[in-house]
Amino acid sequence: MTTAETTGTTGTTEIVVVPHTHWDREWYEPFQRFRLRLVALLDEVLDTMEREPAYHFTLDGQLACVDDYLEVRPENRDRVAALVESGRLAVGPWQILLDEFLCSGENIVRNLELGMARADKLGRAMAVGYLPDMFGHTAQMPQILHRAGLLHACVYRGVPSSVTTDAFAWVAPDGTALRTQYLPAGGYGNGAHLFEDAGQLAERGAAFVETMRRWHGPEGPLLAMYGTDHSAPVRGLPEMVSQLGARMDTLSGYIEAHSGDVAGLPRVTGELRSHARANILPGVISVRAHVKQAMGRAERMVERYAEPLATLWGDDWPGRFLDMAWWRLVDASGHDSVTGCGVDETAQQVAARIAEAEHLGQAVRDMVTAKLAATVPTDGVLVVNPTPAARRGVVLLDVAGEDPLVDPAGAKVPVQPLEYAPTLLLDEEMDPATALTFVHGTELYGQHITGWSVADGVLTFTVARESTAAFNVGQVRGALDGVHRVRIVAQPRRTVAALVEAPPLGHTSVRPAPYDSVTEPADGARVTGVRTEERVLDNGLLRVEVARDGTLTLTGPDGVTLTGAGRIVDGGDVGDSYNYAPPAEDRLVSDPESVQVTTVCSGPLVAAFDVWRTHRWPGAGDGIEGTPEIPATSRTEATEEIAVRTRVELRAGEPYVRLDVEFDNRCADHRVRLHVPLPQRTAVSHAEGQFAVVTRGLTAEGGCGEEPLPTFPASGWVAAGGVAALLQHVTEYELVEEGGELALTLLRSIGYLSRNRHALRPEPAGPQLPTPAAQSRGLRSVSLALMPYSGTWSAVPPAAETFRHDLLTVAGTGAPYLPLPAPAAGLSVTGDGVAMTSLRARDEWRELRVVALSDTPTEAVIEGAFSQARRTDLRGRPGEELPVTDGILRLPLGPWEIATVQLANSE
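Remember, it's a predicted structure, so these values are computed and weren't measured experimentally.

Novice: Kindly report on unusual backbone geometry, identifying the contributing residues and their values.
Specialist: In this structure, Pro 93 follows Gly 92 across a cis peptide bond, with omega equal to 10°. Omega for the bond connecting Gly 603 with Pro 604 falls within 30 degrees of zero, at 15°, which places this linkage in the cis form. With respect to the helices, strands and loops of the structure, Pro 604 is situated in the loop between β28 (594–602) and β29 (606–618). With phi around 45°, Leu 505 is a residue other than glycine that occupies positive phi space. With respect to the secondary-structure elements, Leu 505 resides in the loop between β20 (493–502) and β21 (507–512). Judged by relative accessible area, Leu 505 falls into the buried class, the value being 1%. You will see that Asp 886, though not glycine, has its phi angle at about 50°, which is positive. Structurally, the position occupied by Asp 886 is in the loop between β49 (878–882) and β50 (888–893). Asp 886 gets classed as exposed once you look at its relative accessible area, which sits at 74%.

Novice: An account of the pattern of salt bridges is needed here, citing residue identities and associated values.
Specialist: Applying the stated criterion across every chain yields a total of 61 salt bridges. Among the ionic pairs, Lys 371 bridges to Asp 315, the shortest N-O distance being 3.0 Å. Of this pair, Lys 371 sits in helix α11 (residues 344–373) while Asp 315 sits in the loop between α9 (289–313) and α10 (319–332); the two residues are 56 residues apart in sequence, bridging distant segments of the chain. Taking the shortest distance from any N to any O, the salt bridge between Asp 806 and Arg 658 comes out at 3.7 Å. Taken as a pair, Asp 806 in the loop between α14 (796–804) and β43 (808–811) and Arg 658 in strand β33 (residues 657–665) lie far apart in primary sequence, 148 residues in all. Among the residues examined, Asp 806 registers a relative accessible area of 33% and is labelled partly exposed. Salt bridges here are not isolated pairs; linked through shared partners, they connect Asp 610, Arg 645, Arg 647, Asp 660 and Glu 662.

Novice: If you had to explain the packing of α9 against α11 to someone new, which residues and values would you point to?
Specialist: At their nearest, the axes of α9 and α11 sit 8 Å apart, and the two run at 30° to each other. One finds that α9 runs roughly parallel with respect to α11. When you trace α9 past α11, the crossing you get is left-handed. The segment α9 lies against α11, with Val 291, Ala 294, Met 295, Arg 297, Ala 298, Met 301, Val 302, Tyr 305, Ala 306, Leu 309, Ala 310 and Trp 313 engaging Val 350, Ile 354, Ala 357, Glu 358, Gly 361, Gln 362, Val 364, Arg 365, Val 368, Thr 369, Lys 371 and Leu 372.

Novice: An account of the packing of aromatic side chains is needed here, citing residue identities and associated values.
Specialist: Across all of its chains, the model carries 14 aromatic pairs by this definition. Relative to Tyr 445, the ring of Phe 438 lies with its centre 6.0 Å away and its plane at 40°, an arrangement referred to as tilted. A relative accessible area of 26% means that Phe 438 is categorised as partly exposed. Chaining the aromatic ring pairs together yields one cluster made of Trp 23, Trp 27, Tyr 28 and Phe 34. A cation over a ring is seen here: Arg 273 above Phe 101, with NZ or CZ 4.6 Å from the ring centre. In this structure, Arg 870 is placed above the aromatic ring of Trp 845, and the distance from its NZ or CZ to the ring centre is 3.9 Å.

Novice: So what's going on with the sheet that holds strand β15 (residues 424–429)? Residues and values would help.
Specialist: Read across the open sheet, the five strands follow the order β15-β19-β18-β17-β16; overall the sheet is mixed. Each of the sheet's edge strands pairs with one partner strand only, and the pair in question is β15 and β16 (443–444). Here strand β18 (residues 458–464) pairs with strand β19 (residues 485–490) via six bridges, running parallel. Residue pairing across strands places Thr 460 opposite Arg 487, the latter belonging to β19.

Novice: Please give an account of the sheet that holds β43 that cites residues and values.
Specialist: Strand order in the open sheet made by the four strands is β13-β21-β11-β43, with antiparallel pairing throughout. What marks the edges here is a single partner per strand, and that holds for β13 (405–406) and β43. Pairing of β13 with β21 involves two bridges; the strand directions are antiparallel. Directly across from Val 406, in β21, lies its bridge partner Arg 511. The strands touched by α11 are β11 (381–384), β21 and β43; relative to β43, the strand with the most contacts, the crossing angle is about 55°.

Novice: I'd like a rundown of the environment of Ala 246, residues and numbers included.
Specialist: Among the secondary structure elements, Ala 246 is positioned in the loop between α7 (237–244) and β9 (247–248). Assessed through its relative accessible area of 13%, Ala 246 is described here as buried. Linking Ala 246 and Ala 374, residues 128 residues apart in sequence, is a C-alpha distance of 70 Å.

Novice: For the confidence of the model for the protein chain, give the residues involved together with the corresponding values.
Specialist: Close inspection of predicted coordinates is inappropriate in any region flagged by low pLDDT. A residue-level look at the protein chain finds 97% of positions with pLDDT of 70 or above and a mean pLDDT of 94. Within the model, pLDDT remains below 50 along residues 1–11, and this stretch shows 16 contacts once partners closer than five positions in the same chain are excluded. Counting interchain partners and residues more than four positions distant, the pLDDT-below-50 stretch residues 626–630 has five contacts.

What counts as what
- Residues numbered from 1 in each chain as written.
- Predicted model: local features only at pLDDT ≥ 70, side-chain atom pairs only at ≥ 80, totals over all residues.
- Heavy atoms only, no water.
- Helix = DSSP H or I, 4+ residues; strand = E, 2+ residues; numbered from the N terminus.
- Buried < 20%, exposed > 50% of the residue type's maximum accessible area, 1.4 Å probe, protein only.
- Salt bridge = Lys/Arg side-chain N within 4 Å of Asp/Glu carboxyl O.
- Axes fitted to C-alpha atoms, helices over the stretch in contact; angles between N-to-C directions.
- Parallel < 35°, antiparallel > 145°, perpendicular 65-115°, else oblique.
- Left-handed = near helix turned anticlockwise from the far one by under 90°.
- Contact = heavy atoms within 4.5 Å.
- Phe/Tyr/Trp six-rings, centres within 6.5 Å; stacked < 30°, edge-to-face > 60°.
- Lys NZ or Arg CZ within 6 Å of the ring centre and 35° of its normal.
- Pairing = 2+ DSSP bridges.
- pLDDT = per-residue confidence, 0-100.

Written as structure tokens, this is what we have:
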């Protein structure tokens, strides 16, 4: 007899009950306080399941619950494993339930990789990409899941109104279509009410069937998710399920009974960010912006500096350090963690976790570069390129003397002096014996003694950053008769901007050299410098003019021009950490009271202005508690004087202008945005996200009650109407003025986790708890760049790559007589629309991940020291072997394909 024919109170087994808990690891309480409750819950789960053999339980799709539990109860590991192996306890496949838009694509992959590997050690991972409570879903998630071996997804938020069934085909940009279970009519708690009253099982069951049949159709069992946030199993549930005529299973047991066939299912392509079926709470993208900035820095440090450098140039693989970094990044990516929608204590803990990840990445990076720097003489500087293509870029160097800089071939390196360090560090009347107490070995005033002398009653020390000179303090003591003055003179040093050419994922170096040993660079190596006029910067690729109101006019080489860029607009925000909300009577402030422009440096390699604009911003929201009809009234009449400094910097060879916006936020309940008028009015924007570029319109689909504001996330860049904003971290943006302007959110200041009464959301998103730190008071800064372009956005990704990944410089530590080592390339990855996302060591292989940011087929050309290559899936499991010719792999890529290959030398 089939499952559907099993009889019971409802006549047939039409309902499959999936007991589960949705466990927010940290949210309105910090992690350790929630963990205490988790341990009690899982104690009860194990006891209940062992006592009642029919019990099944789904542990929220994240291994973090198991890890957090077993750290406290390590003796229960075998009990957990036995239930997982029996198929009654479903765990994984994720390590943690993430926010898909607030971490990198690589972070998503590592999360899945960790979760599936750890779940397999307990028995097996749930073979469903369970995404129950994320605030929308990224476009490439079907491809990510499929390439990890998962044939099913399960989602709740973000599903558009076009989906009218409880299963649909979710299609990634590359065409991967995944069967996706939708959780309608209550989401992951759609069956939570079924067993509230044992005397009404039949009535409640019948009502559930009537509701769900409208979504599922007339045939087949219906999914009843029996659980809510932090819910524990109910004793005696198997008996009640039996009385209902239903059966109990795990989520994977229900979903895996379906094939992965998507034929005949409604199709939805790309990201899921509709408000039609559920709130997607888009304000989390911009709240606590400093946490998003930190996440972006830490991910870049680990992904693009630490791992690739250790892979190509390190000795022993620092796997444990990198594993710890990834654990912290994955832990921080939780959908109530990096989002910033928890209490202040939670945000502090998340920030600390992210900082640790960055520190671990820095440690690995510095270990590798220290090895390379030991081959560079002490007067030289190592320059490392973290990008997989050869590039010429400006670096800031601290070097000794006035001699020109040369590269390893002896060719002159273009240089611009920026600052000279003081050479006279001390010149005072004093007892010389006191001065000798300043000496520690050879160290004096943070430098090292290179010599000393006594003349005319003056003891003079000469010092430098490095010294090999012998020093005997006893000899100095014997020469102090008549000394009454002490002088410390440092070797002349200067900070310069230098234009350096570096090989792909490789390194080069520069050093000062006497004029008579320097050769001029070849004509092809010359570059047009930056010219500075009054309020104008021009490098031949871009012209930037500062207007009287402090905004910018940008003109590209093909004549694309935008005016009024960089206007700062402050408005009220009396919403909460989940949703923006303007006061009923908002007051926008955009015109500065005063503008001052000062020159920082004037080229030829770097030129910059500081634009100071003084604004008067209202101090806070007024009447922010509000009423059901009017959640907030206005902004206070009292204002704060806010000085906004925008450093406008143009470098030689760069087609974009760098902006660093900084101000001391002394106001509350407001939103600050940077506006960029577009060269051409447009109805679409293009934003780089997780392995994709997403095209969006001027509106967002509504329907559930939450106001569908068309504010969207962008990770690396956003482009619209002929201008691109290059970004250092995930940033909220909106096309305003009917597609005539791009608005980038720099800051949202709010005071509550959630508001019970919210102008743009009908119900609370969480408890109404104060979050004073989410007002983000104090010094705030945001770095970005603006780039005019013509035609398509194809020129934007390469520019964003160099903007986000500066060349790295490290002082040489080798013997002073050493020559500069020859430039060395690591690995080159080129191709139209091809972007590298990861490079790491994996056993004896080097594992490289690339993505094709292209609507058409392309080819990745990978060149380096390898003779073997093979494809793998996202879990590193080997697949097709690939031909390599003379260290070159030509890898065909389909549109928007994520490809992972492993490279090695033949034995």
